[in-house]
Amino acid sequence: MSDTAAPHPVVAVRAALDAAARSAGRDPADITLVAVSKTFPAEAVCAAHAAGQRHFGENYVQEGCAKIDALGNLDGAVWHFIGPLQSNKSRMVAERFDWVHSVDRESIARRLSEQRPAGKLPLRVCIQVNVSGEASKSGIEPDEVLPLAQAVAALPRLELRGLMAIPAPADDAAKQRVPFAALRHLRDQLASQGIHLPDLSMGMSADYPAAVEEGATLVRIGSAIFGARQARLAATSGSEAPA
Ligand SMILES: *Cc1c(COP(=O)(O)O)cnc(C)c1O
């Protein structure tokens, strides 16, 4: 039996991301690949980790926390919470994750800051913005970002790092770039108000080259790395998905 391991798909995705960075005239080292492991079991995270991947993204609080707890000492792993966050689950996130990309209101930011354990570094956060109008349900409106950014920046146990968006899907790169450019402009406007944010969390499997063109520093890629997602319950039950 031949046992030659094929390279993990994350290796090809990282290479494609590096190529996208270079063709945009950017340094690949300035772009963090967040492998979105939602609905995939801890073993899938381990396999990507063994291939060199370190940043992982999770959307669902319980599923993500269970995975982090199960994988406790995965060397150098950095965990990003990227999904909608309810107040009653903020503590679980504050205690385990390194990043939250989906801060969309001051009340949740306050809770995360208060609940961040003293022994950990401040929680790195992005503010999620609705940059493509009615199509996307999450995130605050662009004209509400400045006061929220000022409030978040003042919280002692959070480190405000940037802005995040999940634009409505678009079928070609020119259309994909419009909301990504809008997020970048918003970041630049904040800089002129004295709030300097290094990060833009934008781009997924279907649109990351366009996001990289517009300055993404954190790209969140799931299916291109782990494959198509099964129904959530089947994938989180711990049993093997059907072949
Ligand atoms: C699922 C998800 C992703 C990854 O999406 P793919 O299309 O599988 O790459 C990225 N960001 C968020 C917020 C997600 O929920």
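In what follows, the structure referred to is the one given above.
No experiment lies behind these values; they were computed from the predicted model shown.

Q: Describe helix 1 (residues 9–23), with residues and values.
A: Helical geometry: 3.6 residues make up each α-helical turn, so side chains three or four residues apart lie on a common side. The terminal C-alpha atoms of helix 1, which comprises 15 residues, lie 21 Å apart, in line with the 21 Å expected from a rise of 1.5 Å per residue. Taken together, the buried positions of helix 1 are Val10, Val13, Leu17, Asp18, Ala20 and Ala21. The buried residues of helix 1 occupy an angular sector of 160° when the element is viewed end-on, so they sit on one face. Exposed residues pointing more than 90 degrees away from the buried face of helix 1 are listed as Ala12, Arg22 and Ser23. Considering only its buried residues, helix 1 is in contact with strand 1 (32–36), helix 2 (42–50), helix 8 (208–213), strand 8 (218–221) and helix 9 (223–226).

Q: Provide a residue-level description of the nonpolar core, including the pertinent values.
A: Core analysis: the largest hydrophobic core is formed by 63 residues, its most contacted members being Leu112, Ile127, Val152 and Leu163. Tallying contributions element by element places helix 1 first for this core, with five residues. Discounting residues that sit within four places of it in the chain, Leu112 has contacts with Leu85, Ser90, Val93, Ala94, Val100, Val103, Leu123 and Leu158.

Q: Describe in detail the pairing of strand 3 (residues 78–81), supporting the description with residues and values.
A: Burial along strand 3 is two-sided: the face carrying Val78 and His80 and the face carrying Trp79 and Phe81 are both buried. In terms of strand pairing, strand 2 (residues 55–58) meets strand 3 through four bridges, oriented parallel. Its bridge partner being in strand 3, His55 is matched across the sheet by Val78. Bridging between strand 3 and strand 4 (residues 99–103) involves two bridges; their strand directions are parallel. Across the sheet, the residue bridging to Phe81 is Val100, located in strand 4.

Q: Go over the site of the ligand, please, and point to the residues and values.
A: All residues in the neighbourhood of the ligand are listed as Val36, Lys38, Asn59, Ile82, Ile166, Met204, Ser205, Arg220, Ile221, Gly222, Ser223 and Arg229. Note that an oxygen atom of the ligand is positioned 2.5 Å from one of the side-chain N or O atoms of Ser205. Between an oxygen atom of the ligand and a side-chain N or O atom of Arg229, the distance comes to 2.8 Å. Contact with the protein chains hides 91% of the accessible area of the ligand, taken as 380 Å² for the molecule alone. Residues that form the shell around the ligand fall into these classes: five nonpolar, four polar and three charged.

Rules and cut-offs
Residues numbered from 1 in each chain as written. Predicted model: local features only at pLDDT ≥ 70, side-chain atom pairs only at ≥ 80, totals over all residues. Heavy atoms only, no water. Helix = DSSP H or I, 4+ residues; strand = E, 2+ residues; numbered from the N terminus. Expected span 1.5 Å × (residues − 1). Buried < 20%, exposed > 50% of the residue type's maximum accessible area, 1.4 Å probe, protein only. Arc of directions from axis to C-beta. Contact = heavy atoms within 4.5 Å. Core = buried A, V, L, I, M, F, W, Y, C linked by side-chain atoms within 4.5 Å. Pairing = 2+ DSSP bridges. Near = heavy atom within 4 Å. Polar contact = N/O pair within 3.5 Å; in protein donor to acceptor, adjacent residues only side chain to side chain. Areas by Shrake-Rupley, 256 points an atom, 1.4 Å probe, with all protein chains shown as cover. Nonpolar A, V, L, I, M, F, W, Y, C, P; charged D, E, K, R; others polar.

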